[in-house]
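Working through the structure, step by step
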Amino acid sequence: MDDAGLRQELRRLAARMRSASPPGLDDFEAREDGFAAARSPLLRAEFALLRARLHETRRPLAEQSAALETAVLTFAANGRSREKSQCVAQLAYWYNLSGHEVSAVAAARWALRQPELPLEDRLALFLPVAMAYAHQLRLGDAWQAWERHFAADHARCRNPQLAGALRSALASLHFFSALRARRLPTVYSLDLAEGAPDEAAFERHMTQVEALLSGDGLPGSLTAAEEGRQRDLRGMVCALRGDLAGLERHLADPPGPPEPGNPRHGQVSRLYNLGWAWRIAGRPERALPCLRAAQAQADAGSKLAARLPYDLSCTLGALGQAQAAHEELRAFLRLRSAAAAADLATLGRLQDLSVRAGAAAPGARSALPQARPAAAEVDPIRLQQSEPPSLQRLQRLLAEPGGLYLKPAEVAERLGISLRSLQAALQRYRGSSLVALQREQRLRQAAEHLRHTDRPIKDIAEQAGFADSAGFTHAFRRMLGLSPSQYRQRAAPALPADSAQADARASLGTEDPSL
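Residues numbered from 1 in each chain as written. Predicted model: local features only at pLDDT ≥ 70, side-chain atom pairs only at ≥ 80, totals over all residues. Heavy atoms only, no water.

A look at helix H22 (residues 434–452)
Where we set the bar: Per the convention used, a helix needs a DSSP run of H or I reaching at least four residues, while a strand needs a run of E reaching at least two, with both numbered from the N terminus. Expected helix span is given by 1.5 Å per residue-to-residue step, counting one fewer step than there are residues. Burial classes follow relative accessibility: with a 1.4 Å probe on protein chains only, a residue under 20% of its type's maximum area counts as buried, one over 50% as exposed, and anything between as partly exposed.
Its 19 residues give H22 an end-to-end C-alpha distance of 27 Å, which sits within 8% of 27 Å, the value for a rise of 1.5 Å per residue. Among all positions in H22, only Leu434, Leu437, Gln438, Gln441, Arg442, Leu443, Arg444, Ala446, Ala447 and Leu450 are buried.

Written out as structure tokens, the structure reads:
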């Protein structure tokens, strides 16, 4: 299939992603070779971004992240700021699954600072941020991030799938808090000293979990991946309640065992959750085969693989196999150490990526390594040739004084092509019209004025080409999900640059001025 045919196929996939019957992993894998052979790097990048949104994979997690890193550079080289910011947001999700929690938070901070990032993508960042902090034993930071960056926008969310995912993430945080209150031996309680369980706190958090999981509108309004996560959490809640029948109903029956030889990540995760639930329910003999099977099939570079030995150690200890339990605990410590080193390397790569993509470093600082893996090496000149030269000249023309206010016919004349050819190229490669592109860039300029000046909104609206503030507010809200006044209030100030030590601590997650 040629690039024109692939472009149509990509549009169909994107439309299905927004429908009631979204495509599954098999749909994407069946098209992967075709898009890998596309001549246009932009097509490959757009496919990688759409595929990442599925939040399910059979491929190694490192490959998924590398594809997104390359896509960030591709979009940056072609002036596609919106898609670039969306790729960075997806990197936070996949870094978290890889156990690179510091990098996941850094990617989220980078994405949240981008004015082009749509509201729904901003809200979706709460899941990787919350899970990364929880695994770092920083539940307090997770709750602060919710209040500071996500709670207000959540109240305005009109996407039922996203609203359900946010409720699920909140339920998970309450669940982790319940584990800590009861002082159960889990990877989320490793920092707790010995002491008596706080049953009142346990019950309070469990009540919140159950209320969030039974919220109105959740059934039937979630993606397949999110339905799986909620089903697993219900099963683990049953394990804590001692409800073995409920445990089996939610975890043991659907959706069956992992596919032999090539399981999806979600299937292996579900097998692990079943083993974890049997362990917590006091049935180590049933937990052990599930955990061993998950260990055999887990991606070696995943967070799941790194935490499995801890659960195996607890299970083997309960079965009286002290030596085997000790060996698993040693393996857990080795994997935690390796994951920390890999996280630091990823953080350095993320810093390098941000510099090459033309953004400020997202939490990583110059003291960190400037690693450039082969998977992310891209020739920017070649990338810019993925669109017709006329579109590159258009970008330069629009950046000139008055360029955003030229009439379409004047733009085409200045570029030396027909208006029809220009509009066709924009529709094919940008999925937009010239008028819409000019309007979007004027709104981005307005966002910068709101962010960095105290000029009246009415004046900014007039400069952006709007006859009145109401029209400006409507257009601004459609693009950024906030009114101009809300955007100005919530615009984050730049990080202070007067302390290299504070910067280094922030990059390693010990200080976090943004989340």
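Read on for the rest.
Side note on the packing of aromatic side chains
Quick note on the threshold: The aromatic pairing rule takes the rings of Phe, Tyr and Trp, using the six-membered ring of Trp, and pairs them if the centres are within 6.5 Å, calling planes under 30 degrees apart stacked, those over 60 edge-to-face and the rest tilted. Whether a charge lies above a ring is judged from NZ of Lys or CZ of Arg, which has to be within 6 Å of the ring centre and within 35 degrees of the ring normal.
In total, this model carries 11 aromatic pairs according to the counting rule given. For the pair Phe126 and Trp146, a centre-to-centre distance of 4.8 Å together with 55° between the ring planes defines the contact as tilted. With Phe126 in helix H8 (residues 126–135) and Trp146 in helix H9 (residues 139–155), the pair connects residues that are 20 residues apart, well separated along the chain. Each member of the aromatic cluster is reached from another via a ring pair, and the members are Phe175, Phe176, Tyr188 and Trp276. One residue, Arg182, lies across the ring of Phe202, its end atom 3.7 Å from the ring centre.

Concerning the packing of helix H19 (residues 389–399) against H22
Note the threshold: Angular values range over 0 to 180 degrees, each being the angle between N-to-C directions of two axes fitted as lines to C-alpha atoms, with helices fitted over their stretch in contact. Should an angle fall under 35 degrees it is taken as roughly parallel, and over 145 as roughly antiparallel, whereas 65 to 115 is taken as roughly perpendicular and any remaining angle as oblique. Crossing handedness: left-handed means the near helix sits turned counterclockwise from the far one by under a right angle, and right-handed means the same turn made clockwise. We call two residues in contact whenever any of their non-hydrogen atoms come within 4.5 Å of each other. Three residue categories are used. Nonpolar comprises Ala, Val, Leu, Ile, Met, Phe, Trp, Tyr, Cys and Pro, charged comprises Asp, Glu, Lys and Arg, and polar comprises the others, including Gly.
Interaxial distance between H19 and H22 falls to 12 Å at its minimum, and their mutual angle equals 45°. Overall, the two elements H19 and H22 adopt an arrangement that is oblique. Crossing handedness for the pair H19 and H22: right-handed. Counting all contacts with H19, which are made through Leu394, Gln395 and Leu398, the residues of H22 involved are Leu434, Leu437, Gln438 and Gln441. In terms of residue class, the contact of H19 with H22 is built from 4 nonpolar, 3 polar and no charged.

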